[in-house]
Amino acid sequence: MHKGNFKEMYLNTEQLDLGKFKVATSETLYMTVVSMLFVIIIGLILGLLLYNLGKSKRIGAKIFYNLLSIISNICRSVPFIILIILLIPFTKALMGTFLGAKAAIPSLVISAAPFYGRLVEMAFREVDHGVLEAANSMGANKWELVTKVLIPESLPALISGVTVTVITMIGFTAMAGAIGAGGLGGLAYQEGFMRNRPTITLFATICVLVIVFMVQWLGDWAVKKTDKR
Amino acid sequence: MAFIELKQVSKQFIQKNQRIDAVNQVDLTIQKGEIFGIVGYSGAGKSTLIRLFNGLEKPTAGKITINGEEIQQLKGKELRKFRKKVGMIFQHFNLLWSRTVEENILLPLELAGVAKEEREERAKELIQLVGLSGKNNTYPAQLSGGQKQRVGIARALANQPEILLVDEGTSALDPQTTDEVLELLAEVNQRLGVTIIFITHEMHVIRKICQKVAVMESGKVVEFGEVTEVFEHPKQAVTKRFVQQETIPEANLADFSDQYTEGKLVKLTFRGDQARQPILSQVIRKFQIDMSVIQGQIQAMRETSFGTLIVEIIGEEKEMDRALLFLVEQGIGVEVVDHA
């Protein structure tokens, strides 16, 4: 490939429409942030459930644990692009449409929440058994054990779990973009690939990377800030 | 009725289809304000036993009465309420790394629903009491082992407990720090009148602060009594082994008997004030004998001291017998070692 050719293809700034980039970036952020909030809440509940059921010796708990395990494994194992298609009727019923950034949220949550739930379970398991025993010896009830010990003592791991999950989710939003959710992925696919404007694809990629790096940096900073060990 | 009473208490675990008797038909009584030691090697069941006192473990059989309350029957809310009145200290401190010194001490107060101002005031008092002034906002990671255990003690005392359970509380500390922590516990016992139940595998810890001791072996309490009594007249093999950690090993004595063949080899045991009186010089002055000290040791105990001395006595047979008789009359334990 000639140098001039490359420049013409990938650095053809005339193709760039700043307005479209702004909209796309805000769509990507919107999809990510809203689904992240759901993922954190559902993931924490799921992780807590898995953690408690995993510790219990009762047969019922073991069965429930395995059931939950299988369901969450399925949710996070189905390739995301297939999951979206599979969930179209569900999304339509829930959100009224299967197009646009909003419509990507259910599938994003369904695929990422079980993943985060697993990370939460692992983070809770890492909490020192002795500290939990100490809290028990002070007469803490289950709720206090979770809010005063389990969560604060695993906070860095919970945060780094969010970082990993969110970065994966940003990747998923791009896939969702390819089938009509908009965002930077949609821009790269619809405007860049379909209309043969590689410059747009390149710049959309750069935007995604910048978001990912910022998330990673923010996550690392928060972990450092909370970890007093 | 005794403050704490265990009647035929057993705890069994099923592990890989095998029954393990961690605690086996234990009877114990502990008086209010006592420092009660439970000593045993690892696996003797002492960790399980101490957890029966605050319901962290439930007995499979038997009765545990504390202050007239049968605690093996407590459940849920009642049990949690009861636990707030029993402090616990752990071998590995078990502090929350995510909380500062002060916040760690606040935790039990928060759990007990003490009002904010009151609990903050209480936490500050406790920090003073355990000698950690100025460390209020330090995180445990920046403290030494001894300081961490002081936080552990402050935390355990937060809700003004009547009982303090100490689970190998000094086993992770170096000898100097161990002594400091033991002194603090003794002070807490004196000043606040807290009953302390102390489990350990180190006999010197028992000797230092406990009044009563129970020796455990494979789930059973095999010996039980005043610390001085148990130290002087250990009956069971395990107890003897524990006491020997501290005193002159028997093996040595046999070795000596080969080396010193001239006179009589005698092991003398002193207790209390005797250890401080010049009995030996009296003996030498009174009788026509010579005496050389081969090995000796005096141990300070909680309120008394306990010493062993191995000496060789040289002289006429008659004089030696009279000297030994004099020692026996003075209340000193005399044991003549036969030559091999």
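Thresholds, definitions, all that
Counting of residues starts from 1 at the beginning of each chain's written sequence and follows it residue by residue. Written order decides the labels, with chains lettered from A and ligands numbered from 1. For a predicted model such as this one, the threshold for reporting local features is a pLDDT of at least 70, and the threshold for listing and counting side-chain atom pairs is 80 or more; totals across whole chains, interfaces and linings nevertheless cover every residue. Side-chain metrics rest on all non-hydrogen atoms present in the structure, leaving aside hydrogens and water. A run of H or I in DSSP becomes a helix once it reaches four residues, and a run of E becomes a strand once it reaches two; helices and strands are each numbered from the N terminus. Residue exposure (1.4 Å probe, protein chains only): buried if accessible area is under 20% of the type maximum, exposed if over 50%, otherwise partly exposed. Contacts between residues were defined by any pair of non-hydrogen atoms, one from each residue, lying within 4.5 Å. Only the protein chains shown count as cover for residues, with accessible areas throughout obtained via the Shrake-Rupley method and a probe of 1.4 Å. His is not counted here, nor are the chain ends, while Lys and Arg score as positive and Asp and Glu score as negative. In this description, the location of a charge corresponds to atom NZ of lysine, CZ of arginine, CG of aspartate or CD of glutamate. Summed over both partners, buried area is the accessible surface (1.4 Å probe) that two parts give up on being assembled. We count a salt bridge whenever a side-chain nitrogen from Lys or Arg sits within 4 Å of a carboxyl oxygen from Asp or Glu. For the purposes of these results, a polar contact is taken to be a pair of N or O atoms within 3.5 Å, where, inside protein, one atom must be able to donate a hydrogen and its partner to accept one; residues adjacent in sequence count only when each atom of the pair is a side-chain atom. Nonpolar residues are Ala, Val, Leu, Ile, Met, Phe, Trp, Tyr, Cys and Pro. Charged residues are Asp, Glu, Lys and Arg, and all others, Gly as well, are polar. At least two DSSP bridges between two strands are needed for those strands to be called paired. Fitting a line to C-alpha atoms yields each axis, with helices limited to the stretch in contact; the angle taken between N-to-C directions then spans 0 to 180 degrees. Domain start and stop positions are those given by an automatic or database domain assignment. UniProt positions are given in the numbering used here, feature names are shortened, and annotations may be inferred rather than shown by experiment. pLDDT is defined as a per-residue confidence score from the predictor, taking values between 0 and 100. By convention a nonpolar core is built from buried Ala, Val, Leu, Ile, Met, Phe, Trp, Tyr and Cys residues, the set being connected through side-chain atoms within 4.5 Å. Candidate patch residues must exceed 30% relative accessible area and have no salt bridge, after which like charges are joined if within 9 Å and Val, Leu, Ile, Met, Phe, Trp or Tyr side chains if within 5 Å.

Enquirer: Provide a residue-level description of the overall build of chain B, including the pertinent values.
Expert: Scanning chain B for helices and strands turns up 12 helices and 14 strands. In terms of overall dimensions, chain B has a C-alpha envelope of 80 × 50 × 40 Å along the principal axes. The 340 residues of chain B split such that 54% are buried. The contacts in chain B between residues at least 6 apart in sequence include a share of 69% that link residues at least 24 apart. Accessible area of chain B: about 15900 Å², with a carbon and sulfur share of 45%. The average position of the 42 basic charges and that of the 46 acidic charges among the side chains of chain B differ by 9 Å.

Enquirer: Could you give an account of the overall build of chain A, with specific residues and numbers?
Expert: The helix and strand tally for chain A stands at 10 helices and 0 strands. When the helices and strands of chain A are placed in sequence order, the string is α-α-α-α-α-α-α-α-α-α. Across its three principal axes, chain A shows a C-alpha extent of roughly 70 × 40 × 30 Å. Burial status across chain A gives 41% buried among its 229 residues. A separation threshold of at least 6 residues defines the contact pool for chain A, and within that pool the share at least 24 residues apart is 75%. As displayed, chain A has an accessible area near 12500 Å², and 70% of this comes from carbon and sulfur atoms.

Enquirer: Please set out the interface of chain B and chain A residue by residue, giving values where relevant.
Expert: Between chain B and chain A, the contact holds 22 residues from the first and 22 residues from the second. At the boundary of chain B with chain A, total buried surface from both sides reaches about 2000 Å², with 62% on carbon and sulfur atoms. Of all residues in chain B, Arg80, Trp97 and Leu111 of chain B bury the most surface against chain A, accounting for 36% of the area lost on that side. Arg51 of chain B serves as the salt-bridge partner of Glu133 of chain A, at 2.4 Å between the closest nitrogen and oxygen. Taken together, chain B and chain A are joined by 6 residue pairs in polar contact (both at pLDDT 80 or more). Listed by contribution, the elements that provide at least two residues to the side of chain B that touches chain A are helix H2 (76–83), strand E6 (86–89) and helix H3 (101–111) of chain B. For the side of chain B that touches chain A, the leading source of residues is H3 of chain B, giving 4 residues. For the side of chain B that touches chain A, a count of residues per class yields 12 nonpolar, 3 polar and 7 charged.

Enquirer: Tell me about the sheet that holds strand E12 (residues 289–300) of chain B, and please be specific about residues and values.
Expert: Residues and elements named next belong to chain B. Taken in spatial order, the 4 strands of this open sheet run E12-E13-E11-E14, and their pairing is antiparallel. In the strand order of this sheet, the two ends are held by E12 and strand E14 (333–337), each with one partner. Across the sheet, the mean angle separating the axes of adjacent strands is 20 degrees when strand polarity is ignored. The pairing of strand E11 (residues 264–271) with E14 spans 5 bridges and is classified as antiparallel. Paired with Leu265 across the two strands is Val337, which belongs to E14. Contacts between helix H11 (residues 279–286) and the sheet are confined to E11, E12 and strand E13 (305–315), with E12 contributing the most and set at about 170 degrees to the helix.

Enquirer: Now, about the domain arrangement of chain B: what can you tell me, with residues and values included?
Expert: All names here are of chain B. Domain annotation for chain B reports domain 1 (4–244) and domain 2 (250–337). Taken over C-alpha atoms, the centre of domain 1 sits 39 Å from the centre of domain 2. Taken together, the contacts link 14 residues of domain 1 with 8 residues of domain 2. Considering only the side of domain 1, the residues that lose the most area to domain 2 are Arg207, Thr228 and Glu232, jointly responsible for 52% of the buried surface there. Mapped by element, the contributors of at least two residues to the side of domain 1 that touches domain 2 are helix H6 (175–192), helix H7 (203–209) and helix H8 (227–232). Ranked by the residues each element gives to the side of domain 1 that touches domain 2, the list is headed by H8, at 5 residues.

Enquirer: Explain the UniProt feature "transmembrane region" (unreviewed entry) in chain A to me, using residue names and the numbers behind them.
Expert: Within this structure's numbering, the places UniProt gives as "transmembrane region" (unreviewed entry) are residues 29–51, 63–88, 94–116, 157–180 and 200–219 of chain A. As annotated, residues 63–88 of chain A comprises 88% helix and 0% strand, and the C-alpha atoms at either end are separated by 31 Å.

Enquirer: Quick one: what's the story with the confidence of the model for chain A, residue by residue and with numbers?
Expert: Of all residues in chain A, 98% have pLDDT values of 70 or greater, and the mean over the chain is 92. Looking over chain A, one finds the lowest element-wise mean pLDDT in helix H1 (residues 3–10) of chain A, namely 75, and the highest in helix H7 (residues 129–137) of chain A, namely 96.

Enquirer: I'd like a description of the nonpolar core, backed by residues and values.
Expert: In this structure, Ile4, Leu6, Leu49 and Phe53 of chain B are the most contacted members of the largest nonpolar core, which totals 68 residues. For this core, the element with the most residues is helix H8 (residues 142–181) of chain A, which contributes 9 residues. With sequence-adjacent residues up to four places away left out, Leu49 of chain B is seen in contact with Leu6, Val23, Val26, Leu28, Ile38 and Met216 of chain B. Ranked by size, the runner-up nonpolar core spans 49 residues in total, among them Ile89, Phe93, Ala158 and Leu184 of chain B.

Enquirer: Tell me about the pattern of salt bridges, and name the residues and values.
Expert: Here the structure, examined in full by the defined rule, presents 26 salt bridges over all chains. In this structure, Lys11 of chain B and Glu57 of chain B form a salt bridge, with 3.7 Å as the shortest nitrogen-oxygen distance. Taken as a pair, Lys11 of chain B in strand E1 (residues 4–15) and Glu57 of chain B in the loop between helix H1 (46–52) and strand E4 (61–66) lie far apart in primary sequence, 46 residues in all. Shared partners join several salt bridges into a network, and the residues in it are Lys20, Glu191, Arg195 and Arg197 of chain A.

Enquirer: Give me the lowdown on a nonpolar patch on the surface, citing residues and values where you can.
Expert: Residue and element names in this part refer to chain A. There is a patch of nonpolar side chains on the surface, built from Ile81, Ile82, Ile85, Leu86, Met175 and Ile179 and spanning about 500 Å² of accessible area. Here the element with the most residues in the nonpolar patch is helix H4 (residues 80–86); it accounts for 4 residues. Positionally, Leu86 belongs in helix H4.

Enquirer: Could you give an account of the pairing of strand E9 (residues 212–217) of chain B, naming the residues involved and the relevant values?
Expert: Residues and elements named next belong to chain B. Most of E9 sits inside the fold, with 5 of its 6 residues counted as buried. Where strand E3 (residues 35–40) meets E9, 5 bridges bridge the pair, whose relative direction is parallel. Bridged to Gly40 within E9 is Met216. The antiparallel hairpin formed by E9 and strand E10 (residues 220–226) contains 2 residues in its connecting segment, where Ser218 sits at a positive phi of about 30 degrees.

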